[in-house]
Amino acid sequence: MEPNNSKAERAVLGACLLSAQAMNDVAEILTPEDFYDSNNKIAYRICIDLYADDKPVDFITFQSEAVNRNVFDRLGGQPYLAELVSDVTVEANVKQHVQIVKDLSKRRRILNAAKTITSWAWKTDMDVSDVMEEVNKSVLELSEEKKSAPVPVEDTLQSVRIVIKETYEGLRENRGFFSGFRECRQDIRSHINIAHIC
């Protein structure tokens, strides 16, 4: 069995469902591919998709999305959700759990690369210089962190245009843009004095 820690994976997922800040922290570091357990991978994909769509990530939205994708029963239903909550020891430990998941993911990538490199080494019909080139590529890929695919600018601009238009027309109550930096926004607001601006 490849290196993995299902309990740490579930603790990360549970923290994401309990805390928007935890979801922010996790989304910056982990991808669905970092999860070993297939159910946890599916669950994190749901969380990250909700997060990317600026929807709240909580038990209600998660369950609704899992049902919509026809995977709720496959994940284990309500008992699976209960298990996610029970594996959250302390929300403050989420960064440590994320690091465990990420480190084990890297170890699995190293092992897979080593297997591939070993198979190339045994290929006597392959030129040694070609083998070395493939080995170098493989090692380089290991050292590079995989980033999420870029989002087309047009998609982003279109959603911003809609928000601006709705705000201008008074169709939106929320007069701000979600930045993910709630504490920063509150701190800035508390320090702004209208008298200094006018």
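Residues numbered from 1 in each chain as written. Predicted model: local features only at pLDDT ≥ 70, side-chain atom pairs only at ≥ 80, totals over all residues. Heavy atoms only, no water.

## Concerning the overall build of the chain
Item 1. Check the secondary structure of the chain and you find 11 helices and 0 strands.
Item 2. Taking all 198 residues of the chain together, the buried fraction comes to 29%.
Item 3. Taking the contacts inside the chain whose residues are at least 6 apart along the sequence as the reference set, 62% of them involve residues at least 24 apart.
Item 4. Total accessible area computed for the chain in this model is approximately 13,500 Å², and 56% of it derives from carbon and sulfur atoms. (Helix = DSSP H or I, 4+ residues; strand = E, 2+ residues; numbered from the N terminus. Buried < 20%, exposed > 50% of the residue type's maximum accessible area, 1.4 Å probe, protein only. Contact = heavy atoms within 4.5 Å. Areas by Shrake-Rupley, 256 points an atom, 1.4 Å probe, with all protein chains shown as cover.)

## A word on helix α7 (residues 94-121)
Item 1. Relative to the 40 Å expected for 28 residues at 1.5 Å per residue, α7 spans 40 Å between its end C-alpha atoms, a close match to the ideal helical length.
Item 2. For α7, the set of buried residues is Val94, His97, Val98, Val101, Lys102, Leu104, Ser105, Arg108, Ala113 and Trp120. (Expected span 1.5 Å × (residues − 1).)

## A few points about the packing of helix α4 (residues 59-68) against helix α6 (residues 77-86)
Item 1. Two elements in contact, α4 and α6, have axes separated by 12 Å at closest approach and are oriented at 145 degrees. Considering how the two elements wind past one another, α4 and α6 form a crossing that is right-handed. Facing Phe59, Phe62 and Gln63 of α4, the residues of α6 in contact are Gln78, Leu81 and Val85.
Item 2. Of the residues that constitute the contact of α4 with α6, the class distribution is 4 nonpolar, 2 polar and no charged. (Axes fitted to C-alpha atoms, helices over the stretch in contact; angles between N-to-C directions. Left-handed = near helix turned anticlockwise from the far one by under 90°. Nonpolar A, V, L, I, M, F, W, Y, C, P; charged D, E, K, R; others polar.)

## Regarding the confidence of the model for the chain
Item 1. For the chain, the average pLDDT comes to 82, and 75% of its residues sit at 70 or higher.
Item 2. Below a pLDDT of 50 lies the segment residues 194-198, which in the model reaches 1 contact outside its immediate sequence neighbourhood of four places, other chains included. (pLDDT = per-residue confidence, 0-100.)

## Re the side chain of Ser138
Item 1. As for its placement among the helices and strands, Ser138 is situated in helix α8 (residues 128-143).
Item 2. Its relative accessible area of 11% is what places Ser138 among the buried residues.
Item 3. When residues no more than four places from it in sequence are discounted, the contact partners of Ser138 are Ala113, Ile117 and Trp120.

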